[in-house]
Amino acid sequence: MTERKRILTGIRPTGALHLGHYAGALENWVRLQGEYECYFLIADYQVSDYADDIARVRESVWEVALDWLAVGLDPESSHYVIESLVPEHAELTQWLGWFLPLGMLQRNPTLKAEMSEFGKKSVPVAFFTYPVMQVANILLPRAHLVPVGEDQLPHIELTREVARRFNRDFKDVFPEPEGLVGRVPRLAGIDGQAKMSKSLNNAIYLKDDAATVADKIRRMFGGPPRGADEPGNPDDNPIMLYLRAFDPDADEVAGMEEQYRTRGVGNKVLKDRLTVALNDMLDPFRDRRARYASNMRLVRDALAAGTEAHRSIARETMVMVRDALDLGYLEKY
Ligand code: TRP
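Right, let's walk through the structure included here. (Residues numbered from 1 in each chain as written. Predicted model: local features only at pLDDT ≥ 70, side-chain atom pairs only at ≥ 80, totals over all residues. Heavy atoms only, no water.)

1. Thoughts on the overall build of the protein
The condition that has to hold: For the purposes of this entry, the term helix denotes a DSSP run of H or I that reaches at least four residues, the term strand denotes a run of E that reaches at least two, and both are numbered from the N terminus. All radius of gyration figures rest on C-alpha atoms, and the globule criterion is 2.2 Å times the number of residues raised to 0.38. The rule is simple: take the accessible area with a 1.4 Å probe, protein chains only, and divide by the maximum for that residue type; under 20% is buried, over 50% is exposed, in between is partly exposed.
A count of helical and extended segments in the protein gives 13 helices and 5 strands. Against the globule reference of 20 Å for 333 residues, the protein gives a C-alpha radius of gyration of 22 Å, in line with a compact fold. Projecting the C-alpha coordinates of the protein onto the three principal axes gives extents of approximately 85 × 45 × 45 Å. Of all 333 residues assigned to the protein, the portion counted as buried reaches 50%.

2. Section: the nonpolar core
Put simply, the rule reads: Here the nonpolar core consists of buried residues drawn from Ala, Val, Leu, Ile, Met, Phe, Trp, Tyr and Cys, with membership extended through side-chain atoms lying within 4.5 Å.
Core analysis: the biggest nonpolar cluster contains 57 residues, and Leu19, Trp68 and Phe246 have the highest contact counts within it. A total of 8 residues in this core trace back to one element, the largest contributor, which is helix H2 (residues 54-71). By size, the runner-up hydrophobic cluster in this structure holds 39 residues, among which are Leu92, Leu111, Val148 and Leu158.

3. Concerning the side chain of Arg289
Our working definition: Throughout, a contact is declared for two residues whenever any of their heavy atoms are within 4.5 Å.
Examined against the element boundaries, Arg289 turns out to sit in helix H12 (residues 267-293). The class for Arg289 is buried, based on a relative accessible area of 11%. Leaving out residues up to four positions away in the same chain, Arg289 has contacts with Glu63, Leu66, Asp67, Ala70 and Lys207.

4. A look at the site of the ligand
Inclusion rule: Note on definitions. A residue lies near a molecule or strand when any single heavy atom of the residue is within 4 Å of it. Counting of polar contacts relies on pairs of N or O atoms within 3.5 Å, with two restrictions inside protein: one atom must be capable of donating a hydrogen and the other of accepting it, and residues adjacent in sequence are counted only when both atoms are side-chain atoms. Shrake-Rupley sampling with a 1.4 Å probe provides the accessible areas, and residues are treated as covered by the protein chains on show and by no other component.
Around the ligand, the surrounding shell holds 13 residues, and the nearest of these are Gly10, Arg12, Gln134, Asn137 and Gln152. The contact in question runs from a nitrogen atom of the ligand to an N or O atom on the side chain of Asn137, over 2.8 Å. With the chains in place, 90% of the 360 Å² that the ligand exposes on its own is no longer accessible. For the shell around the ligand, the secondary structure elements donating two or more residues are strand E1 (6-11), helix H7 (130-139) and strand E4 (145-148). The biggest single contributor to the shell around the ligand is E1, with 4 residues.

5. Considerations on helix H11 (residues 250-262)
Convention followed: To estimate how far a helix should extend, the number of its residues minus one is multiplied by 1.5 Å. Our arc is simply the arc of the directions from the helix axis toward the C-beta atoms.
The first and last C-alpha atoms of H11 sit 19 Å apart over 13 residues, in line with the 18 Å expected at 1.5 Å per residue. Inspection of H11 places Val253, Met256, Glu257 and Tyr260 among the buried residues, and these make up the whole buried set. The arc enclosing the buried residues of H11, seen along the axis, measures out at 105°, which places them on a common side. For H11, the secondary structure elements touched by its buried residues are helix H10 (238-246) and H12.

6. Quick notes on unusual backbone geometry
Of note in this structure, Arg142 is not a glycine but carries a positive phi near 50°. Here Arg142 lies in the loop between H7 and E4.

7. Observations regarding the side chain of Ser78
Tracing the chain through its elements places Ser78 in the loop between H2 and strand E3 (79-82). Ignoring any residue separated from it by four or fewer positions in sequence, one finds Ser78 in contact with Gln33, Cys38 and Phe40.

8. Quick notes on the pairing of E1
Keep this limit in mind: Any two strands between which DSSP finds at least two bridges are classified as paired. Whether a crossover is right-handed comes down to one check: with the strands pointing away from the viewer, does the path from the first strand over the helix to the second run clockwise; if it does, it is right-handed.
For E1, a buried count of 5 out of 6 residues is recorded, marking the element as mostly surrounded by other parts of the structure. Bridge count between E1 and strand E2 (residues 37-42): 6 bridges; the pairing is parallel. Bridge assignment links Leu8 to a residue of E2, and that residue is Tyr39. Chirality of the crossover, the property in question, places the unit of E1, helix H1 (residues 19-32) and E2 among those that are right-handed.

Next comes the structure, spelled out in structure tokens:
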């Protein structure tokens, strides 16, 4: 039997997960978990922008784990990992920082965009260097594939660059990992803004109950004002975009789009349909989440087992890294 290739991917523990996470990344994780050996990381070292809200970070570790269990990531076959319980992440970050030019961080578009969100608040050093840690996260289990949201691709490019340098200048330790973006790279918010996000308060959460989802959809932005029998461009209407993303009957959705373009379709019809489609999709998630939430010991055990498994490959990699960097000082004499 050949060894399975490995996935490492992760999420920062800042709150419950939403539909954008699902369509942009989680869905791929679920699909690929049988094919790859998976390490799913809760990146609690990388939330220095939440330093004034530690309680929220600690609570979110459980929220994220529950959401993962809810969508069907199987902790028996995949590893759920708490980053800071694998301190090799910090250790490798420190070494890799040697091989990553500052200019590459300064040019990183994701980091730039996030940095500007601080406004007048000072930026912690740890925030500036989190992409280095993300590189270390991916290289530590020597991952081959990194399924992520579109906004993360610059960090994967950085990772490939570091892997190439390390392998060339020292020893061939790291595969050059590929990024993989989900079916819906960027999901609009329910208010029509380009991106669904917790901070914009325009998200539908995987754990929202059916009534909450119905209510959010009722209030959802339905494109530029338009009568029910007025044709329009479906691309301008987030309700239509959500149907495209989440309605299981692609043919019927295509028919509705056609009608939307030619004769028009009322938003009420679209919203009712979307409510059913989303609640049908989310119902099994809600059931699984509730089952685990009533037995948090199981969640704890999933995190403990996954973290332990990750530590063992982390130790293995660090032996290779120390050898490559010639760190065996005490073996010399
Ligand atoms: N930075 C990612 C995000 O904000 C989370 C993350 C941390 C990650 N480490 C990772 C993603 C490693 C992929 C691989 O969503």
